[in-house]
Amino acid sequence: MYSPRLHIAIMEPSMIIFEGLQTIICHSSLDCRVSRVERLEELTEMMKHTPVEILIANPMQFVNLEKEVKKLRKSYPTLAIAGIDFGIIHRQSMLTDISFTLYDTPEHIIHSLTRLQEKSQHPEEEKEENNHLSPREIEVLTCLVSGMLNKEIADQLHISIHTVVRHRKNITLKTGIRSQSGLTIYAISKKIVSIEDIEL
Amino acid sequence: MFHTPKTKVRPATKMAELIDANPHLLLMLQHFNIDFRVNDLTVWQLCIRQGISENLFVSIANLYNGFDIRGPQPFTRGDLLLVIDFLKSSHDFYRREKYPQISNYIRQLQENHPVREMKLLEKFFKEYFDEVLEHLDYEDSTAFPYFITLLEGRENDRPGKRYSSKEYGDHHTDIELKLQDLKNLLLMHVDIEGDLELRRKLLFALYELEFDLYIHSLIEEKILIPSGQQIEKEVNV
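Parameters at a glance
Residues numbered from 1 in each chain as written. Chains lettered and ligands numbered in written order. Predicted model: local features only at pLDDT ≥ 70, side-chain atom pairs only at ≥ 80, totals over all residues. Heavy atoms only, no water. Salt bridge = Lys/Arg side-chain N within 4 Å of Asp/Glu carboxyl O. Helix = DSSP H or I, 4+ residues; strand = E, 2+ residues; numbered from the N terminus. Buried < 20%, exposed > 50% of the residue type's maximum accessible area, 1.4 Å probe, protein only. Axes fitted to C-alpha atoms, helices over the stretch in contact; angles between N-to-C directions. Parallel < 35°, antiparallel > 145°, perpendicular 65-115°, else oblique. Left-handed = near helix turned anticlockwise from the far one by under 90°. Contact = heavy atoms within 4.5 Å. Nonpolar A, V, L, I, M, F, W, Y, C, P; charged D, E, K, R; others polar. Buried area = accessible area lost by both parts, 1.4 Å probe. Polar contact = N/O pair within 3.5 Å; in protein donor to acceptor, adjacent residues only side chain to side chain. Pairing = 2+ DSSP bridges.

Engineer: Even after reading the chapter, I still don't get the pattern of salt bridges, so can you show me in this structure?
Structural biologist: Two side chains with opposite charge may pair up if their charged atoms get near one another. Residues and elements named next belong to chain A. Counting across every chain of the model gives 17 salt bridges over all chains. The shortest N-O distance in the salt bridge between Glu139 and Arg136 comes to 2.7 Å. With Glu139 and Arg136 both in helix α5 (residues 135–145) and 3 residues apart, the pair spans about one turn of that helix. Note on Arg136: relative accessible area 31%, which makes it partly exposed.

Structure, rendered in structure tokens:
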């Protein structure tokens, strides 16, 4: 399933403002999708299964929820928050990374969001263009398709189980294949292992 | 996953226009056992003709059109019995139509391209299909009968029952995962050339299956399980 890497959630009760922001974002060069959330709990719930990189919020929504917002930021350190400045809160809120007003030009808003996105990007993502497996990942994959467990792979390659898990995650990210039998087919079509090595 | 342009389904919309905008709704009609010749009936009129509650029909049609169900919906026990019929009918569709069709395409492809990966791909699909069948059998033999007893208010007939909506929710596995692997193997990795017609048919069939399975699990998660839990609460008070 293709979904853009950037996911922006907008938490703003006014439908007019939400639609306006959504239109500006969708017509910009940002490759992203936009969701609307009504309350902070809804965002927390959403983030359990879908990552959100940027939250655009009406800071009034955070009133009396400062603790919850901080907790959310702690659980998701890469989440960036942009506040909509209505001129009510004079000082830059501690809870937001940037803010913009409704009278800013679309270019200005998109520019701020783009910078925010760069900031929130995971360092590993730079490598993402390259879908080739690294030599280490190939070793892990070879062990995997021969039916070894994480613990056995760790022992064989003299690495920690934690590292094995990380390699497995990257293999799935790069190949798009999650099941072991699927990875076996992948390994054979890429001639990483020969079919004789596999018990049919 | 494939997504149609979003059109919100409303009671006053003409059914034929909705189908025109999202042909997947035909599958929904089939699962509801409604004939495709919908004349110029609106959703509301169609529901009256078929004796289906408008609330249920609109909620499910909106799932097909990409709109989530928000908050608790007052589904009646009668609605939920219909939901079970709907889910059973989709099981039938998977068992009798979709999987045999996909399986045939893979076999043909394997015969045309007798490479090792294709042999493994066929085996992969067969194993996946067996898993799905097991899941469908479990729902037909354990989960659905439990819900039917619960909905018909006969739960006292079965003293000492241990089963619950929660257990069903836990058992509810992600059967779409391997399907995605299969799609990715065909689109990105397995080295076959030509045979575009057959490969397109196979991929289309996989997308159609994926979409319907997705809606299927949404109906279970968003309608059946929460409503079942609600009824269990009422019964136990």
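Now that the structure has been shown, we can carry on.
Engineer: Looking at this structure, I do not really get the packing of helix α3 (residues 43–50) of chain B against helix α4 (residues 54–64) of chain B. What am I missing?
Structural biologist: When two helices pack together, their arrangement is given by the angle between the helix axes and by the axis-to-axis distance. All names here are of chain B. The geometry of α3 relative to α4 is characterised by a closest axis approach of 9 Å and an angle of 125° between their N-to-C directions. In terms of axis orientation, α3 runs oblique to α4. Pair α3 / α4 crosses with right-handed handedness. Facing Val43, Trp44, Leu46 and Cys47 of α3, the residues of α4 in contact are Glu54, Phe57 and Val58. For the contact of α3 with α4, the residue count by class is 6 nonpolar, no polar and 1 charged.

Engineer: Honestly, the interface of chain A and chain B in this entry has me stumped. Any pointers?
Structural biologist: As a measure of interface size, the accessible area lost when the parts come together is often cited. Contact with chain A, which involves 20 residues of that partner, is made by 19 residues of chain B. Surface buried jointly by chain A and chain B totals about 1,800 Å² across both partners, of which 58% is contributed by carbon and sulfur atoms. There are 0 salt bridges connecting chain A and chain B. Our enumeration of links across chain A and chain B arrives at 5 residue pairs in polar contact (both at pLDDT 80 or more). It is helix α8 (residues 180–189) of chain A that contributes the most residues to the side of chain A that touches chain B, 6 residues altogether. A breakdown of the residues in the side of chain A that touches chain B according to their chemical character gives 8 nonpolar, 6 polar and 6 charged.

Engineer: Even after reading the chapter, I still don't get the sheet that holds strand β4 (residues 80–85) of chain A, so can you show me in this structure?
Structural biologist: Sheets are built from strands paired through backbone hydrogen bonds, the pairs being either parallel or antiparallel. Residues and elements named next belong to chain A. Across the sheet, 5 strands lie side by side as β2-β1-β3-β4-β5; this open sheet has parallel pairing. Of all strands in the sheet, those bounded by a partner on one side alone are β2 (32–36) and β5 (98–101). Strand-to-strand, the axes of this sheet are offset by a mean angle of 25°, without reference to chain direction. Two elements, β4 and β5, share 4 bridges in a ladder whose sense is parallel.

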